Amino acid sequence: MRFRHPDGSVVHLSYCTNVHPAETLDGVRAQLRDHCEPVRRRLGRDRLGIGLWLARDAARALPNDPAELRALRAELDSRGLEVVTLNGFPYEGFGADEVKYRVYRPDWTEPDRLAHTTDLARLLAALLPDDVTEGTISTLPLAWRTPYATDPGAPRTARTALTTLAQRLDALAELTGKSIRVGLEPEPGCTVETTADAIAPLTDVGHERIGICVDTCHLATSFEDPDTALDALTAAGIPVVKSQLSAALHAEHPHLPEVRTALAAFAEPRFLHQTRTRTAAGLRGTDDLDEAIAGGALPDSTPWRAHFHVPLHAPPAPPLTSTLPVLRTALTRLVGGAVPLTRHLEVETYTWQALPAELRPRTRTQLADGIAAELTLARDLLVDLGLKELP
């Protein structure tokens, strides 16, 4: 979906396909047919943006097979789909029964991460619509905090890898005329947990094609104020490459038994749900929601937030809620000003099938309806900010 910003530029809105598990090209094609096109039809649009997630095997196969790449581009066109952004965070196995810590490997100290991201950049340059010259890729925020923190050589290795990537992106732009930018996506528990943590390593890299991806669920989970965070990034000259529109799980009164019971329904075995609370002494947290619920690990006199991407239009029932207000504030700052801070927005609710059983979609139709409802909410927020939806 495309929108005209009051400054005349085009802002893109998409949804991320990591909600549909697929590790192969055949699986990706099935996503387009079974999920993405039906969502577009529900929205009544001739064109829908999707943020593709391509696992390692699919990403490796395409750059060296021009015929397959042309076929994928043709299929996107025929189904009314367009790609301006990729999710380069998960490497493989994102649809596995248990993902947890595996999603952080390989990290930016390992050669496979650089190779994978380079492949994605080459692919995106070929998949961009003819009238679009800029693409974006989100990637993991260097590494999970361990063992990175105990390896004195890790920061230098990661910086070298990102510098090499920037050089490759420069060369790709010269070759194709397409500018691809990559954004580190701060996430609780990682080396770069907050937007503030991103400033030093990105300043060290010091390249316009390497910036930050602001995920509004992660921002909220770490209790970051959107205005303060974005002010600091702007002052430091760190570009907001893209933003993922998402909402976290919020518990205002975690000491209450009924709140603990409600939270327990969201503690599930597939993904990590890092949980945080803000105290007078600073941020406290656990790596997963069940650790917090068990008691003792977190103070419960202040609100808790958990890294669980709650559907934007469907906050959980009381006594829980979502951090949609944080998303609204962030979006106002990102695209509500005289000039947008980013032009690529992506709804990223990959946890539909991890919701409590009574909230999960049971059919493809229900899932498509839910994704379309999320995009409708995002569209309405953009229109309220003065952007005009384009055909």
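Our subject is the structure listed above.
Our subject in this report is the structure included herewith.

Parameters and conventions
- Residues numbered from 1 in each chain as written.
- Predicted model: local features only at pLDDT ≥ 70, side-chain atom pairs only at ≥ 80, totals over all residues.
- Heavy atoms only, no water.
- Salt bridge = Lys/Arg side-chain N within 4 Å of Asp/Glu carboxyl O.
- Helix = DSSP H or I, 4+ residues; strand = E, 2+ residues; numbered from the N terminus.
- Buried < 20%, exposed > 50% of the residue type's maximum accessible area, 1.4 Å probe, protein only.
- Polar contact = N/O pair within 3.5 Å; in protein donor to acceptor, adjacent residues only side chain to side chain.
- Contact = heavy atoms within 4.5 Å.
- Phe/Tyr/Trp six-rings, centres within 6.5 Å; stacked < 30°, edge-to-face > 60°.
- Expected span 1.5 Å × (residues − 1).
- Axes fitted to C-alpha atoms, helices over the stretch in contact; angles between N-to-C directions.
- Parallel < 35°, antiparallel > 145°, perpendicular 65-115°, else oblique.
- Left-handed = near helix turned anticlockwise from the far one by under 90°.
- Nonpolar A, V, L, I, M, F, W, Y, C, P; charged D, E, K, R; others polar.
- Core = buried A, V, L, I, M, F, W, Y, C linked by side-chain atoms within 4.5 Å.
- Pairing = 2+ DSSP bridges.
- Lys, Arg positive; Asp, Glu negative; His and termini not counted.

### Section: the pattern of salt bridges
And step 1. If you walk through the whole model with that rule in mind, you get 31 salt bridges.
And step 2. For Lys 100, the salt bridge is made with Asp 288, and the minimal N-O distance between the two is 2.5 Å. Here Asp 288 lies in the loop between strand E11 (282-286) and helix H11 (289-293) and Lys 100 lies in the loop between strand E4 (81-87) and helix H4 (111-127), a separation of 188 residues in the sequence. Both residues of the pair, Lys 100 and Asp 288, belong to the buried class.
And step 3. As a salt-bridge pair, Lys 242 and Glu 346 come within 2.9 Å of each other at their nearest N and O atoms. Here Lys 242 is found in strand E8 (residues 240-245), whereas its partner Glu 346 is found in strand E14 (residues 344-347), with 104 residues between them in sequence.

### A word on unusual backbone geometry
And step 1. Along the chain, Arg 105 connects to Pro 106 via a cis peptide bond; the corresponding omega equals -10°.
And step 2. Omega for the peptide link from Pro 318 to Pro 319 comes to 15°, which places this bond in the cis form.
And step 3. Notably, Lys 100 is not glycine yet its phi reads approximately 40°, a positive angle.
And step 4. Residue classification places Lys 100 among the buried residues on the basis of a relative accessible area of 14%.
And step 5. With phi around 55°, Phe 223 is a residue other than glycine that occupies positive phi space.
And step 6. Positionally, Phe 223 belongs in the loop between helix H8 (216-221) and helix H9 (226-236).

### What to know about the side chain of Ser 9
And step 1. By the element assignment, Ser 9 lies in the loop between strand E1 (2-4) and strand E2 (10-16).
And step 2. Relative accessible area serves as the criterion here: at 14%, Ser 9 is assigned to the buried category.
And step 3. Among the polar contacts made by the side chain of Ser 9, one reaches the side chain of Arg 343 at a distance of 3.0 Å.
And step 4. Those residues within four positions of Ser 9 in sequence are excluded, and the remaining contacts are Phe 3, Arg 4, Pro 340 and Arg 343.

### Notes on the packing of aromatic side chains
And step 1. This structure, assessed with the given rule, holds eight aromatic pairs.
And step 2. Aromatic pair Phe 89 and Tyr 104: ring centres 6.0 Å apart, planes at 65°, arrangement edge-to-face. Taken together, the positions of Phe 89 in the loop between E4 and H4 and Tyr 104 in the loop between E4 and H4 put the pair 15 residues apart, joining distant regions of the chain.
And step 3. A residue is classified by how much of its surface remains accessible, and Phe 89, at 5% relative accessible area, is buried.
And step 4. Residue classification places Tyr 104 among the buried positions, given a relative accessible area of 3%.
And step 5. When the centroid spacing of 5.1 Å and the interplanar angle of 90° are considered together, the rings of Phe 266 and Phe 308 count as edge-to-face. With Phe 266 in the loop between helix H10 (257-264) and strand E10 (275-279) and Phe 308 in strand E12 (residues 304-310), this residue pair connects regions lying 42 residues apart in the sequence.
And step 6. With relative accessibility at 5%, the residue Phe 266 sits in the buried group.
And step 7. What links up through ring pairs into an aromatic cluster is the set Trp 53, Phe 94, Phe 271 and Tyr 350.

### A look at H4
And step 1. With 17 residues, H4 ought to run about 24 Å at 1.5 Å a step, and its terminal C-alpha atoms sit 25 Å apart, in line with that.
And step 2. Of all the 17 residues making up H4, twelve are buried; the element is thus mostly covered by neighbouring parts of the structure.
And step 3. Of the residues making up H4, those classed as buried are Arg 113, Leu 114, His 116, Thr 117, Thr 118, Asp 119, Leu 120, Ala 121, Leu 123, Leu 124, Ala 125 and Leu 127.

### A short note on the packing of helix H3 (residues 66-78) against H4
The relative placement of two packed helices comes down to the angle between their axes together with the axis-to-axis distance.
And step 1. In the contact formed by H3 and H4, the axes pass within 10 Å of each other and the chain directions differ by 50°. As summarised for this structure, H3 and H4 are arranged oblique, according to the angle between their axes. The handedness of the crossing between H3 and H4 comes out as right-handed. Of H4, the residues touching H3 (which contributes Leu 69, Leu 72, Arg 73 and Leu 76) are Leu 123, Ala 126 and Leu 127.
And step 2. Looking at side-chain class alone, the contact of H3 with H4 contains six nonpolar, no polar and one charged residues.

### Observations concerning the nonpolar core
And step 1. Membership of the largest hydrophobic core comes to 113 residues, with the highest contact counts inside it found for Leu 13, Tyr 15, Ile 50, Trp 108 and Leu 375.
And step 2. Of all hydrophobic cores here, the second largest spans five residues; its members include Leu 219, Ala 220, Val 326 and Ala 330.

### Observations regarding the pairing of E10
And step 1. Pairing of E10 with E11, which is carried by five bridges, proceeds in the antiparallel orientation. Residue pairing across strands places Arg 278 opposite Leu 283, the latter belonging to E11.
And step 2. What sits between the antiparallel neighbours E10 and E11 is a turn of two residues.

### A word on the side chain of Lys 178
And step 1. Along the chain, Lys 178 falls in the loop between helix H6 (154-176) and strand E6 (179-184).
And step 2. Buried within the structure, Lys 178 lacks any salt-bridge partner; its nearest side chain of opposite charge belongs to Asp 130, at an N-O separation of 5.5 Å.
And step 3. For Lys 178, the side chain forms a polar contact with the main-chain oxygen of Pro 129, separated by 3.4 Å.
And step 4. Apart from the residues lying within four places of it in its own chain, the contact partners of Lys 178 are Ala 125, Leu 128, Pro 129, Asp 130, Val 132, Thr 133, Leu 172 and Ala 173.

### Thoughts on the sheet that holds strand E13 (residues 320-322)
And step 1. The sheet built from five strands is open, its strands ordered E11-E10-E12-E9-E13 with antiparallel pairing. Each edge of the open sheet carries a strand with a single partner, namely E11 and E13. On average, adjacent strands in this sheet sit at an angle of 30° to one another, irrespective of strand direction.
And step 2. Both strand E9 (residues 247-251) and E12 contribute to a ladder of four bridges, which runs antiparallel. Paired with Leu 249 across the bridge in E12 is Ala 306.

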